[in-house]
Amino acid sequence: MIARVEMISLSSDELGVLVAPSLGGRIVEVTDLGRARQWLWRNHHQAVSAPDGSAGYDDVWQGGFEELFPNDAPESLHGVELPDHGDLWSVPWRIEDLTSETLSLAAMSVSGQTLVRKSMSVEGPNLAISYRMERLRDNPLRYLFKLHAAIAVDEHCRIDLPGGFVEKVDPGVGNLLGPDQTARRQSWPTPVDLGQCRPASSGTNEFVYVHDLPQGWCAVADRRLGCRMTISYPTEYFPYCWIFMTYGGWRGHNVVVLEPCTNYPKVLGEAIEEGRAASLMPRAIEEFTVTVTVSPDEQAA
């Protein structure tokens, strides 16, 4: 259970956040205190324990809010073996600073030879997460960095985006869109209203890229409870937002994963060839901030 793992709590009058530094620096809970809504999904089929980075990510996925770096799909690139979903999610993060409202963590990506720091602070309804990536080698790095926020949903929830175009990630994954829609540009949320979450009994799932977003945010609203959680991010760093959704159709899970990402498509080598991969110059530093906000939902039933 959670009590066996060191957890750090950050809070304001409106927001409660629970972080597990030893579990890949994962954010375990984001709770809207005023509306009693805990937003992050946890896989109850997995014990809460240090993740095994040598295992396939899907087989040991525990949920929560993680970061994926320097890749997603496992591959061998320029003589380097890149593990499934990178390595940040499976290594313990070191605590560098801690107060009742702030937490700073650091971790070394061995596969990316990059030191990654994240500083979290809670104020009012907002959780600000500031990232700092420092390249430790004398050669450039082409990489992927992706937020990976697993949201607990049911049929009363809706995925909200500011617009953009939808593209199916893989013709063999998902059953909401047809395989012929893999490379077609269609405006979000058409053609089957991907924004509407389904009940677990529907047995459906889908995985899509969304690109050409006019603004940098993604959200899930709970219309029954009248609240929403929004992730705001810089589009100059995250030009894409991937969304994985399963309503009982993949491993029996009922969860939506919001994934603002630097890259497209999924395979890093392909993204590099197509000029859609992030770059970090030798000894360079990259910094950016994302914000998680809980708020009332103006369209609540």
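Residues numbered from 1 in each chain as written. Predicted model: local features only at pLDDT ≥ 70, side-chain atom pairs only at ≥ 80, totals over all residues. Heavy atoms only, no water.

**What to know about the side chain of Asp84**
For Asp84, the position within the fold is in the loop between β7 (80–82) and β8 (94–98). With sequence-adjacent residues up to four places away left out, Asp84 is seen in contact with Gly56, Tyr57, Asp58, Asp72, Pro74 and Trp89. (Helix = DSSP H or I, 4+ residues; strand = E, 2+ residues; numbered from the N terminus. Contact = heavy atoms within 4.5 Å.)

**Points about the environment of Arg94**
With respect to the helices, strands and loops of the structure, Arg94 is situated in strand β8. Between the C-alpha atom of Arg94 and that of Asp138, which follows or precedes it by 44 residues, the distance is 25 Å. Here Arg94 is in contact with Ser104, Leu105, Ala106 and Arg117, once residues within four sequence places are set aside. For Arg94, the side chain forms a polar contact with the side chain of Glu96, separated by 2.9 Å. (Polar contact = N/O pair within 3.5 Å; in protein donor to acceptor, adjacent residues only side chain to side chain.)

**What to know about the sheet that holds strand β19 (residues 227–232)**
Consider a sheet: its strands pair through backbone hydrogen bonds, and that pairing is either parallel or antiparallel. In space, the eight strands of this open sheet follow the order β8-β9-β10-β11-β23-β19-β18-β14, with antiparallel pairing throughout. Both edges of this open sheet fall to β8 and β14 (157–160), since each of them pairs with a single strand only. Within the sheet, the average angular offset between the axes of one strand and its neighbour, ignoring direction, is 15°. Here nine bridges tie strand β11 (residues 126–135) to strand β23 (residues 285–296), and the two strands are oriented antiparallel to one another. Paired with Arg132 across the bridge in β23 is Glu287. (Pairing = 2+ DSSP bridges. Axes fitted to C-alpha atoms, helices over the stretch in contact; angles between N-to-C directions.)

**Section: the packing of aromatic side chains**
For the structure shown, the criterion picks out 21 aromatic pairs. Measuring from centroid to centroid gives 4.8 Å for Trp41 and Trp61, while their planes differ by 40°, and the two rings are tilted. Pair noted here: Trp41 is in the loop between β4 (37–38) and α1 (57–60) and Trp61 is in the loop between α1 and β5 (65–68), with a separation of 20 residues, a long-range link. Comparing Trp41 with Trp61, the two get one shared label, buried. Pairing Phe145 with Phe288 gives two aromatic rings, centres 5.5 Å apart and planes at 80°, and the pair type is edge-to-face. (Phe/Tyr/Trp six-rings, centres within 6.5 Å; stacked < 30°, edge-to-face > 60°. Buried < 20%, exposed > 50% of the residue type's maximum accessible area, 1.4 Å probe, protein only.)

**Topic: the state of the cysteines**
This model, assessed by the stated rule, comprises zero disulfides. In this structure Cys197 is a free cysteine whose sulfur lies 5.4 Å from that of Cys157, the closest cysteine sulfur available. Cys241 supplies the cysteine sulfur nearest to Cys218, a cysteine that is in no disulfide, at a spacing of 4.0 Å. Its relative accessible area of 0% is what places Cys218 among the buried residues. (Disulfide = S-S within 2.5 Å.)

**Brief notes about the nonpolar core**
The tendency in soluble globular proteins is for nonpolar side chains to be buried as a group. Ile27, Phe65, Phe145, Ile159, Ile231, Ile243 and Val256 are the most contacted members of the largest nonpolar core, which has 62 residues in total. The residues contacting Ile231, other than those within four sequence positions of it, are Phe65, Leu147, Ala149, Gly216, Trp217, Cys218, Leu258, Thr291 and Val292. Core analysis: the next-biggest nonpolar cluster, separate from the first, contains 20 residues, Trp89, Tyr209, Cys261 and Tyr264 among them. (Core = buried A, V, L, I, M, F, W, Y, C linked by side-chain atoms within 4.5 Å.)

**Quick word on the pattern of salt bridges**
Under the criterion given, the structure shown has 22 salt bridges. When the shortest N-O distance is used, the salt bridge between Arg223 and Asp297 registers 2.6 Å. Separated by 74 residues along the polypeptide, Arg223 in the loop between β18 (217–222) and β19 and Asp297 in the segment after β23 bring together distant segments of the chain. Residue classification places Arg223 among the buried residues on the basis of a relative accessible area of 16%. By relative accessible area, which is 7% here, Asp297 ends up buried. With a closest N to O distance of 3.2 Å, Arg228 and Asp297 form a salt bridge. Here Asp297 lies in the segment after β23 and Arg228 lies in strand β19, a separation of 69 residues in the sequence. (Salt bridge = Lys/Arg side-chain N within 4 Å of Asp/Glu carboxyl O.)

**Description of the side chain of Asp160**
Tracing the backbone shows Asp160 in strand β14. For Asp160, a relative accessible area of 12% translates into the label buried. A distance of 3.0 Å separates the side chain of Asp160 from the side chain of Arg228, its partner in a polar contact.

**Some words on the pairing of β19**
The element β19 is largely enclosed, with a buried count of five among its six residues. Counted along the chain from β18 to the antiparallel partner β19, the turn is four residues long, and its residue Gly226 has a positive phi close to 70°. Relative to β23, β19 is paired through six bridges, and the arrangement is antiparallel. Bridging from a neighbouring strand, Met229 pairs with Val294 of β23.

**Things to note about unusual backbone geometry**
That bond from Thr190 to Pro191 is cis: its omega, 5°, falls within 30 degrees of zero. Here the residue pair Tyr264 and Pro265 is connected by a cis peptide bond, since its omega of 0° sits within 30 degrees of zero. With respect to the helices and strands, Pro265 occurs in the loop between β21 (254–261) and α2 (268–273). Here the phi dihedral of Ala36 falls at roughly 50°; this positive angle occurs in a residue that is not glycine. Within the fold, Ala36 resides in the loop between β3 (26–32) and β4. Here Ala36 falls in the exposed class, since its relative accessible area comes to 66%. Notably, Asp212 is not glycine yet its phi reads approximately 60°, a positive angle. Among the residues examined, Asp212 registers a relative accessible area of 45% and is labelled partly exposed.

These values are about where atoms sit, not about what they do.
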